Structure formats: structure tokens, C-alpha cells
Amino acid sequence: MMDEVDRELLRLTQDGIGIEERPFLHAARRLRISEEEVVGRLRRLGEIGVVRRFGTRINPRKAEMVANAMVVWNVPENRIAEIGAAMAESPDVTHCYERRTIPGQWKYNLYTVLHCRDREDAHRRVAALSRATGAAEYRVLFSTEEFKQRPSGRIGPAAGPGRER
């Protein structure tokens with residue numbers, strides 16, 4: 001299914017590619033294959049489900065989205081799938097997932113993340129989600145510090161030029 005060239009290609013591209021005229025040139029040179037083969041291999045890895053997506057990652061703070069909110073919801077067990085699916089479809093929600101509760105300590109079982117311009121904007125958007133889904137019990141938790149994020153599913157150390165190790 002995958003060979004060593006595929007694995008090294010994933011290591012070379014897992015931290016992203018440059019916004020440049022020939023974004024796959026570096027990987028092609030490192031692998032000693034053509035740029036066309038790089039693209040073909042990535043396309044095949046996408047078709048077989050190894051690569052889920054190739055996209056742009058936006059820095060919310062630099063895009064003036066400084067109110068990052070995790071909203072924890074207490075949703076009836078029999079409605080988690082329905083409400084979770086509705087929230088995940090919202091253009092305001094960047095992440096939506098279910099978590100276990102801790103009886104007597106933590107009752108929230110559905111989590112969403114929103115990046116908004118300010119806290120008032122976040123509260124408005126959360127209230128709209130609440131009205132749209134009927135999920136009335138929630139808490140809005142704003143981030144206080146952002147730490148370096150890395151994509152999940154790493155193959156190994158990054159190997160691209162200027163990439164953090």
C-alpha cells in the first residue's frame with residue numbers, strides 16, 4: 001500500500017508546504033522524483049485514505065479572531081448525535097466532539113470551539129447555537145494563552161527546510 005518514498009513524502013509535507021509557484025519542488029528534490037510524481041503520490045494517498053485533507057491553516061489571532069471559546073454543553077444522552085451533528089455543520093464551529101462526563105464532578109458531554117472577533121461576538125454566536133439546537137445548558141470558556149499547535153498523526157520529525165523539529 002505505502003512504500004518508503006510515501007512515508008518520507010508524508011514526513012516532508014506534514015508541516016505544510018510553502019505558498020509559492022512550485023510548492024512540491026523541495027519534496028521532489030529530496031526524494032529524487034519529479035514534482036508530478038509527488039502530486040500523484042499525494043493524490044493516491046488521499047484516495048486510499050492515508051491523507052484526509054490538504055488545506056490552509058489559518059492563525060485565528062492574526063486574522064483578528066482573538067476571542068477563542070471552547071463551549072461545553074450538557075446535552076441529553078439521547079440527543080448528542082443529533083445536536084452534535086447540527087453544531088458541527090455550523091460555520092461558526094471549528095471543532096465539535098463528545099466527551100465522557102464525571103458523575104458529580106463534570107456534567108458537560110459535548111464540546112465546540114469557536115474563533116470570534118471578541119467575547120461579545122462569541123456570546124452572540126453561542127446563544128444562536130443554543131437557540132438553533134435547543135441545547136440550553138452550557139458554559140463558555142475563553143482561552144487565555146495559545147501554545148504551538150502541530151497537526152495530529154505525525155509520521156516522524158519534520159524534514160522540510162526551516163521546519164521546527
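About the cut-offs
Residues numbered from 1 in each chain as written. Predicted model: local features only at pLDDT ≥ 70, side-chain atom pairs only at ≥ 80, totals over all residues. Heavy atoms only, no water. Phe/Tyr/Trp six-rings, centres within 6.5 Å; stacked < 30°, edge-to-face > 60°. Buried < 20%, exposed > 50% of the residue type's maximum accessible area, 1.4 Å probe, protein only. Lys NZ or Arg CZ within 6 Å of the ring centre and 35° of its normal. Helix = DSSP H or I, 4+ residues; strand = E, 2+ residues; numbered from the N terminus. Contact = heavy atoms within 4.5 Å. Axes fitted to C-alpha atoms, helices over the stretch in contact; angles between N-to-C directions. Parallel < 35°, antiparallel > 145°, perpendicular 65-115°, else oblique. Nonpolar A, V, L, I, M, F, W, Y, C, P; charged D, E, K, R; others polar. Core = buried A, V, L, I, M, F, W, Y, C linked by side-chain atoms within 4.5 Å.

Peer 1: Could you clarify how one ought to interpret the packing of aromatic side chains in this entry?
Peer 2: The geometry of an aromatic ring pair is captured by two quantities: the separation of the ring centres and the angle between the planes. This model, assessed by the stated rule, comprises 3 aromatic pairs. Summarising the aromatic geometry, the rings of Trp106 and Tyr108 are spaced 4.9 Å apart at their centres and angled 65° between planes, so their arrangement reads as edge-to-face. Judged by relative accessible area, Tyr108 falls into the buried class, the value being 7%. The ring of Tyr111 has Arg99 sitting right over it, with the charged end atom 5.8 Å from the ring centre.

Peer 1: I'm lost on the side chain of Ser130 in this one. Help?
Peer 2: Structurally, Ser130 is set in helix α5 (residues 119–133). Once residues lying within four places of it in the same chain are set aside, the contact partners of Ser130 are Trp73, Ala135, Ala136 and Tyr138.

Peer 1: I tried to follow the packing of helix α1 (residues 4–13) against helix α3 (residues 35–47) on my own but got confused; where do I start?
Peer 2: When two helices pack together, their arrangement is given by the angle between the helix axes and the distance between those axes. Interaxial distance between α1 and α3 falls to 11 Å at its minimum, and their mutual angle equals 95°. Of the possible angle classes, the one that applies to α1 and α3 is roughly perpendicular. Contact residues: α1 offers Val5, Asp6, Leu9, Leu10 and Thr13, while α3 offers Val38, Arg41, Leu42, Arg44 and Leu45. When the residues that make up the contact of α1 with α3 are grouped by side-chain class, the tally is 6 nonpolar, 1 polar and 3 charged.

Peer 1: In this structure, what is going on with the nonpolar core? I would like to understand it.
Peer 2: Nonpolar side chains in soluble globular proteins tend to end up buried together. Residues Trp73, Val75, Met87 and Leu110 are the most contacted members of the largest nonpolar core, which totals 17 residues. Of all the secondary structure elements, the ones that give two or more residues to this core are β1 (67–73), α4 (80–89), β3 (110–116) and α5. With 4 residues, β1 is the largest single contributor of residues to this core. Those residues in contact with Val75 that lie beyond four places of it in its chain are Ile80, Ile83, Asn109, Leu110 and Ala135. Judged by nonpolar contacts, the second largest core, of 9 residues, contains Ala27, Ala28, Leu31 and Leu42.

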